[in-house]
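# A closer look at the structure
Listed here are the chains, written in short residue letters.
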Amino acid sequence: MAWRGCVLRWAREDMISTATRGNRFTLNTQQRCSFRKAAKDTKTKKGVIEETGPSHTEPSEGLIHKRGASPPVDPSVAYTPPRSFGRLVKPLVFTVGFTACSFGTAAIWQYESLKSRVQSYFDEVRADWLEKLRPQKQGDLRKWINQWWNSLSEGQRTVTGIIAANAVVFCCWRVPSLQRSMIKYFTSNPASKTLCFPMLLSTFSHYSFFHMAANMYVLWSFSSSIVSMLGREQFMAVYVSAGVISTMFSYVCKTASGRLGPSLGASGAIMTVLAAVCTKMPEAKLAIIFLPMYAFSAGNALKAIVAMDTAGLVLGWRYFDHAAHLGGAIFGIWYIMYGHELIWKNREPLVKVWHDLRTKGPGGGGNGGTGPL
């Protein structure tokens, strides 16, 4: 593959993106989680005892520290419970259930895609025939868009939807009336009341434009390789599952260390993509985009990234969410080595059940064979 000079496009900006769970960049905060008793002035007057009621508690109003603009922590949204691994049981169940549903949906999606491929082929042939009969329009915008879309690889077309979703969420961060909801649902924080949905939604959330641009550039660069390896359905299952799994890993490490704080971004899922590609093709030559003359193997690049995130996790570096990055990388390595065999290649029973339901339902095709293997 022609990787040199462009494929590992984790230049400084990409190292920043892959070095953070969505560059958690700084949404990995040093949030003060203590509560402070308000002072009460207790004075006794002659014959009167002034009763001192329970002290009022006010959460400290720290800001999310980030290089560049960052959303403030809303005290009404922030919540600091006691440090307890018991709070992580629900996120763990959500992680397992969501991952299972993702791969099950991907298997059914692939079945439906294969089933409709023949019909789509004839539809395309008829559309091409009608296009030739119809007079051509000069400067037709739709035609130009179709030509651009058809020039993309399957992987690039697959990640276009992911990039669009990230762009929409980025715009939502700019709406003042949505700030409270964005912090609540689009940043993952083990100290928050809402734990499960942010595990997925924060994977599509970026507050900084540079953060989003760097992450999406890396995803675009590796999209053709990862989709050609896994197929679009399996890739989507791996990507969304990686976002949730890397966040779960971050939850555990934050709870264990006591360094609670919000994080956001796609870097955890992107680390899974990078780790999967580098594990599958360890001898591929990569280069940093700004330094194309210095080439190195994909295997060595993966080792360097894992070593950096491990050091950051052990030494307590707080600039990035190293735990989420490390969790994403571990999941990517595990999936290529074992997960594909254990999960994807054993999807036939589910596909057969779906096939039986489809053929017995309205418009079913009678007694057909089993689904795709």
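Starting afresh in each chain, residues are numbered from 1 along the sequence in its written order. With the structure being a predicted model, the display of local features is reserved for residues of pLDDT at least 70 and the display and counting of side-chain atom pairs for 80 or more, all residues being used for whole-chain, interface and lining totals. Hydrogens are left out, water is left out, and the side-chain values use all remaining heavy atoms of the structure.

## Examining the packing of aromatic side chains
- In this scheme Phe, Tyr and Trp rings, the latter by its six-membered ring, pair at centre separations within 6.5 Å, and the angle between planes marks the pair as stacked below 30 degrees, edge-to-face above 60, and tilted otherwise. Applying the stated criterion across every chain, the model contains 10 aromatic pairs.
- A ring pair is formed by Phe94 and Phe98, whose centres lie 5.8 Å apart and whose planes are at 20 degrees; its orientation type is stacked. Note that Phe94 and Phe98 are positioned in helix α2 (residues 89–115) at a spacing of four residues, about one turn of the helix.
- Considering the side-chain rings of Phe103 and Tyr335, the 5.6 Å spacing of their centres and the 25 degrees angle between planes classify their relative orientation as stacked. Remark: Tyr335 occurs in helix α12 (residues 322–342) and Phe103 occurs in helix α2; sequence separation between them is 232 residues.
- Note on classification: 1.4 Å probe, protein chains only; a residue is buried when its accessible area is under 20% of the maximum for its type, exposed when over 50%, partly exposed between these limits. Under the relative-accessibility criterion, Phe103 is labelled buried at 6%.
- Three or more aromatic residues joined by ring pairs form one cluster here, namely Phe103, Phe331, Trp334 and Tyr335. Comment: elements are numbered from the N terminus, with helices defined as DSSP H or I runs of at least four residues and strands as E runs of at least two.

## Quick notes on helix α10 (residues 267–280)
- Expected span, for any helix, means 1.5 Å times one less than how many residues it has. Given a rise of 1.5 Å per residue, 14 residues ought to cover 20 Å, and the 20 Å separating the end C-alpha atoms of α10 matches this to within 8%.
- The element α10 is extensively covered by neighbouring structure, given that 12 of its 14 residues are classed as buried.
- Taken together, the buried positions of α10 are Ser267, Gly268, Ala269, Ile270, Met271, Thr272, Val273, Leu274, Ala275, Ala276, Val277 and Cys278.

## Observations regarding a nonpolar patch on the surface
- The residues that make up patches have over 30% relative accessible area and no salt bridge, and they are joined within 9 Å when like-charged or within 5 Å when they are Val, Leu, Ile, Met, Phe, Trp or Tyr. The Shrake-Rupley method, run with a 1.4 Å probe, gives the accessible areas here. Residue values count only the displayed protein chains as cover. For this document, the term salt bridge refers to a Lys or Arg side-chain nitrogen within 4 Å of an Asp or Glu carboxyl oxygen. There is a patch of nonpolar side chains on the surface, built from Leu141, Trp144, Ile145, Trp148 and Trp149 and spanning about 550 Å² of accessible area.
- The residue Trp149 is located in helix α4 (residues 141–151) in this model.
- Classification of Trp149 by relative accessible area gives partly exposed; the value is 33%.

## As for the nonpolar core
- Nonpolar cores were defined as sets of buried Ala, Val, Leu, Ile, Met, Phe, Trp, Tyr and Cys residues, with membership established by side-chain atoms within 4.5 Å. With 52 residues, the main nonpolar core has Leu219, Ile226, Phe235, Tyr239, Ile270 and Tyr335 as its most contacted residues.
- Mapped by element, the contributors of at least two residues to this core are α2, α5 (154–172), α7 (197–201), α8 (209–230), α9 (232–257), α10, α11 (298–315) and α12.
- Residues Val169, Trp173, Ile183 and Phe186 belong to the second largest nonpolar core, which totals seven residues.

## Focus on the confidence of the model for the protein
- As a per-residue measure, pLDDT tells how confident the predictor is, with possible values from 0 to 100. On average, residues of the protein score 76 in pLDDT, and 67% of them reach the 70 mark or higher.
- When the criterion is pLDDT under 50, residues 1–70 qualifies, and its contacts beyond four places in sequence or with other chains add up to 195 contacts.
- By the convention used here, residues are in contact when the closest approach between their heavy atoms is within 4.5 Å. This stretch, residues 366–373, has a pLDDT under 50; its non-local contacts, to residues over four places away or in other chains, come to 14 contacts.

## Digging into the UniProt feature "transmembrane region" (unreviewed entry) in the protein
- The positions that UniProt labels "transmembrane region" (unreviewed entry) are, in the present scheme, residues 92–111, 158–175, 195–214, 234–253, 286–307 and 319–338.
- Helix makes up 83% of residues 158–175 and strand 0%. Its end C-alpha atoms lie 28 Å apart.
- Measuring from the first to the last C-alpha atom of residues 195–214 gives 27 Å, for a span that is 55% helix and 0% strand. UniProt positions are given in the numbering used here, feature names are shortened, and annotations may be inferred rather than shown by experiment.

## Here we look at the pattern of salt bridges
- Evaluation of the coordinates by the stated rule reveals five salt bridges.
- Measuring nitrogen to oxygen at the nearest pair gives 2.7 Å for the salt bridge that ties Glu112 to Arg358. Placement of the pair is Glu112 in helix α2 and Arg358 in helix α13 (residues 348–360), with a sequence separation of 246 residues.
- Judged by its relative accessible area of 23%, Glu112 is partly exposed.

## Quick look at the packing of α2 against α9
- For helices, the axis comes from a line fit to the C-alpha atoms of the stretch in contact; other axes are also lines fit to C-alpha atoms, and the angle between any two N-to-C directions lies between 0 and 180 degrees. α9 packs onto α2 with a crossing angle of 175 degrees between their chain directions and a minimal axis gap of 8 Å. Classified by the interaxial angle, the pair formed by α2 and α9 is roughly antiparallel. Residues Pro91, Leu92, Phe94, Thr95, Phe98, Thr99, Ser102, Phe103, Ala106, Trp109, Gln110 and Ser113 of α2 pack against Arg232, Glu233, Met236, Ala237, Val238, Val240, Ser241, Val244, Ile245, Met248 and Tyr251 of α9.
- A breakdown of the residues in the contact of α2 with α9 according to their chemical character gives 15 nonpolar, six polar and two charged. Under this scheme an angle from 65 to 115 degrees is roughly perpendicular, one under 35 degrees roughly parallel, and one over 145 degrees roughly antiparallel; angles in between are oblique. We call Asp, Glu, Lys and Arg charged. Ala, Val, Leu, Ile, Met, Phe, Trp, Tyr, Cys and Pro are nonpolar, and the rest, Gly among them, are polar.

## Let's talk about α5
- Compared with an ideal rise of 1.5 Å per residue, which puts 19 residues at 27 Å, α5 spans 29 Å between its outermost C-alpha atoms and is within 8% of the ideal.
- Thr160 marks where α5 bends most, by close to 25 degrees.
- Buried residues of α5: Gly155, Gln156, Thr158, Val159, Ile162, Asn166, Val169 and Phe170, and no others.
- Where α5 is buried, its residues contact α6 (179–185), α8 and α9. Bending is quantified residue by residue as the angle between axes fitted to the seven-residue window ending at that residue and the seven-residue window starting at it.

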